[in-house]
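Report on the structure
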Amino acid sequence: MENLYPHAVKRISKEIREILKESIDGVKVIVNEQDLTDVQAVIDGPVGTPYDGGKFHIKLAISEKYPREPPKGFFFTKIFHPNVAPLTGEICVNTLKTDWKSDLGVKHVLLVIRCLLVNPNPQSALNEEAGRLFQEDYNEYVSQAQLYTDIHACNHLRDVKPVERLLSEGRSTINAKIHPDVGDSVSILRDANGPSPKKPTGQRHISATKKALKRL
């Protein structure tokens, strides 16, 4: 865990408790037992987008300067998106940069990232090809994004870490330890009746080019 000031630890622990209590539509939050600043989540691909049917694993890295500085966001799941760097998975969104305010929090960031799957911003593209296709050949952009989703995001549960597998199967309660100065804890409550991950939606990528397949 980063060497956070006690007030920052209290702030993060409060935010995590609120998120786990209220939940976020389409987002399942995962708390690292060993490091509260390592916030991870699985985001459901929004219906009506090329990411529909996918499960996208992301991470928020929170530094010792939080909340004065925003978390850094990364996609672990490979995704074809204008605002996600193809090699590192870094997420480019104004909320995580110029538009950040200290009264915003983790929940807001997670909501913004999910909204980014609905409304990409090609003007600040980290994936230049995705940004170009989004503006010049939208059908090809959709085809490429669906192809990535089918290959990398619809098989999500095969490669997840043990903590995520337990959560997805609804078999475990995991306690996230808080800094001793705070003297508190956060629990992720199991949801045995939660929905099962969606299966791939079929061969939606028939029209994808050979060039796209080689790149994968």
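What you are looking at is a predicted structure, and each value in this text was computed from that prediction instead of being measured. (Residues numbered from 1 in each chain as written. Predicted model: local features only at pLDDT ≥ 70, side-chain atom pairs only at ≥ 80, totals over all residues. Heavy atoms only, no water.)

So, on to the overall build of the protein chain. In terms of regular secondary structure, the protein chain is built from six helices and six strands. In the protein chain, the succession of α and β elements from N to C terminus is α-β-β-β-β-α-α-α-α-β-β-α. Taken over 216 residues, the protein chain has a buried fraction of 46%. If you take every contact in the protein chain between residues at least 6 apart in sequence, the share linking residues at least 24 apart comes to 61%. With an accessible surface of roughly 11700 Å², the protein chain has 49% of that area assigned to carbon and sulfur atoms. (Helix = DSSP H or I, 4+ residues; strand = E, 2+ residues; numbered from the N terminus. Buried < 20%, exposed > 50% of the residue type's maximum accessible area, 1.4 Å probe, protein only. Contact = heavy atoms within 4.5 Å. Areas by Shrake-Rupley, 256 points an atom, 1.4 Å probe, with all protein chains shown as cover.)

Using the criterion set out here, one finds eight aromatic pairs in the structure. Measuring from ring centre to ring centre gives 5.9 Å for Tyr-51 and Phe-56, while their planes differ by 80°; the resulting arrangement is edge-to-face. One exposure class covers both Tyr-51 and Phe-56, and it is buried. Through pairs of rings, three or more aromatic residues link up here, namely Phe-80, Phe-134, Tyr-138, Tyr-141 and Tyr-148. (Phe/Tyr/Trp six-rings, centres within 6.5 Å; stacked < 30°, edge-to-face > 60°.)

The four strands are arranged β1-β2-β3-β4 in an open sheet whose pairing can be described as antiparallel. Either end of the sheet is taken by a strand with one partner, and the two such strands are β1 (27–31) and β4 (72–75). Geometrically, the sheet is characterised by an average inter-axis angle of 25° between neighbouring strands, direction not taken into account. For strand β2 (residues 38–44) and strand β3 (residues 55–61), the ladder comprises seven bridges, and the chain directions are antiparallel. Pairing of Ile-43 across the sheet is with Phe-56, part of β3. (Pairing = 2+ DSSP bridges. Axes fitted to C-alpha atoms, helices over the stretch in contact; angles between N-to-C directions.)

A word on the pairing of β2. Along β2, six of the seven residues are buried, which leaves the element largely enclosed by surrounding structure. For β1 and β2, the ladder comprises five bridges, and the chain directions are antiparallel. When the bridges of β2 are listed, Val-31 appears paired with Val-39.

Taking 1.5 Å of rise per residue, the 13 residues of helix α2 (residues 106–118) would be expected to cover 18 Å, and the 19 Å separating its terminal C-alpha atoms lies within 8% of that figure. For α2, the set of buried residues is Val-106, Val-109, Leu-110, Val-112, Ile-113, Leu-116 and Leu-117. End-on view of α2: buried residues confined to an arc of 160°, all on one side of the axis. (Expected span 1.5 Å × (residues − 1). Arc of directions from axis to C-beta.)

Attention now moves to the pattern of salt bridges. Under the counting rule described, the total for this entry stands at five salt bridges. Its salt-bridge partner being Arg-11, residue Glu-15 comes within 2.4 Å of it at the nearest N-O pair. Of this pair, Glu-15 and Arg-11 are both found in helix α1 (residues 6–22), four residues apart, which corresponds to roughly one turn of the helix. We classify Glu-15 as buried; its relative accessible area is 10%. Since its relative accessible area comes to 23%, Arg-11 is described here as partly exposed. With its nearest N and O atoms 3.8 Å apart, the salt bridge here joins Lys-65 to Glu-69. (Salt bridge = Lys/Arg side-chain N within 4 Å of Asp/Glu carboxyl O.)

What follows concerns the packing of helix α3 (residues 128–136) against helix α4 (residues 138–153). Taken N-terminus to C-terminus, the directions of α3 and α4 make an angle of 135°; their axes are 6 Å apart at the nearest point. If you check the angle between α3 and α4, you find them oblique. Across the interface between the two elements, Glu-129, Ala-130, Leu-133, Phe-134 and Glu-136 from α3 touch Tyr-138, Glu-140, Tyr-141 and Gln-144 from α4. For the contact of α3 with α4, a count of residues per class yields five nonpolar, one polar and three charged. (Parallel < 35°, antiparallel > 145°, perpendicular 65-115°, else oblique. Nonpolar A, V, L, I, M, F, W, Y, C, P; charged D, E, K, R; others polar.)

Ranked by size, the top nonpolar core spans 40 residues in total, and within it Phe-75, Val-106, Leu-110 and Ile-113 carry the most contacts. If you list the elements that add at least two residues to this core, you get α1, β1, β2, β3, α2, α3 and α4. Looking at which element gives the most residues to this core, the answer is α2, with seven residues. (Core = buried A, V, L, I, M, F, W, Y, C linked by side-chain atoms within 4.5 Å.)

This brings us to the UniProt feature "active site" (unreviewed entry) in the protein chain. Feature annotation in UniProt places "active site" (unreviewed entry) on Cys-92, given in this structure's numbering. Aside from chain neighbours lying at most four places away, what touches Cys-92 is Asn-83, Lys-97, Leu-116, Ser-124 and Leu-126. (UniProt positions renumbered as here; feature names shortened; annotations may be inferred.)

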